[in-house]
Amino acid sequence: MNKGRDVFQYIYSTLNQIVDRAAKKYPDRKWMFEVQRLYWQSVYEAHSKGLPLILHGPPFPPELIYAFGAVPICLDSLAPRLASLEIGVKGYVDIAQKYVPDHICTINKTGIGVALSGDMPKPDALIYAATPCDSARI
């Protein structure tokens with residue numbers, strides 16, 4: 001991956017472009033992208049505002065993190081967001097693949113790869129309560 005890329009800044013700036021395009025082409029749908037842009041802006045700006053950035057898993061309620069004056073980022077939201085952008089997830093999955101077993105979910109490998117690549121600012125904390133990837137089969 002590109003050493004020194006801030007993946008949160010990349011997502012935020014790309015969503016700015018998407019919001020601008022949606023405003024012109026699909027003004028009635030702009031709100032869908034605006035909500036995402038505002039969230040990723042808060043993630044990107046967390047450290048510059050002196051707010052802690054806390055990574056968490058899906059079953060953990062982000063409201064508790066906001067209540068402590070921190071900015072939550074659900075690790076499982078990172079892979080789908082990156083997969084929808086030009087950067088994709090392949091490079092991050094390849095990095096993680098060197099360290100984790102093949103059967104680990106691609107969503108998890110993306111987060112691991114982003115962290116190992118150095119493209120993600122170091123979080124202030126990690127709160128993770130695991131859930132099985134495909135619980136419908138279980």
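For the structure, see preceding data.
All values derive from a computational prediction rather than experimental measurement.

A. Structural context of the overall build of the protein. For the protein, the count of helices and strands is six helices and three strands. The N-to-C order of helical and strand elements in the protein reads α-α-β-α-β-α-α-α-β. Taking the principal axes of its C-alpha atoms as reference, the protein extends roughly 45 × 35 × 35 Å. Expressed as a percentage of its 138 residues, the buried residues of the protein come to 36%.

B. How the structure looks around the environment of Ile54. With respect to the helices, strands and loops of the structure, Ile54 is situated in strand E1 (residues 53-56). Each C-alpha atom, one on Ile54 and one on Lys122, is 9.6 Å from the other, the two residues being 68 residues apart in sequence.

C. Main features of the packing of helix H5 (residues 90-97) against helix H6 (residues 106-117). Their axes nearest at 7 Å, the elements H5 and H6 cross at an angle of 85°. Judged by the angle between their axes, H5 and H6 are roughly perpendicular. Here H5 contributes Tyr92, Val93, Ile95, Ala96 and Gln97 to the contact with H6, which in turn contributes Thr106, Lys109, Thr110, Ile112, Gly113, Val114, Leu116 and Ser117. Of the residues belonging to the contact of H5 with H6, the class tally is seven nonpolar, five polar and one charged.

D. The pattern of salt bridges, seen in detail. Throughout the structure, instances matching the rule amount to three salt bridges. Linking Glu45 and Lys49 is a salt bridge whose minimum nitrogen-to-oxygen distance equals 3.4 Å. The closest approach of N and O atoms between Lys90 and Asp94, which form a salt bridge, is 2.9 Å. Of the two residues, Lys90 and Asp94 are both situated in helix H5; the distance of four residues between them amounts to about one turn of the helix. According to the relative accessible area criterion, Lys90 is exposed, its value standing at 61%. Classification of Asp94 as partly exposed rests on a relative accessible area of 37%.

Procedures and definitions
- Residues numbered from 1 in each chain as written.
- Predicted model: local features only at pLDDT ≥ 70, side-chain atom pairs only at ≥ 80, totals over all residues.
- Heavy atoms only, no water.
- Helix = DSSP H or I, 4+ residues; strand = E, 2+ residues; numbered from the N terminus.
- Buried < 20%, exposed > 50% of the residue type's maximum accessible area, 1.4 Å probe, protein only.
- Axes fitted to C-alpha atoms, helices over the stretch in contact; angles between N-to-C directions.
- Parallel < 35°, antiparallel > 145°, perpendicular 65-115°, else oblique.
- Contact = heavy atoms within 4.5 Å.
- Nonpolar A, V, L, I, M, F, W, Y, C, P; charged D, E, K, R; others polar.
- Salt bridge = Lys/Arg side-chain N within 4 Å of Asp/Glu carboxyl O.

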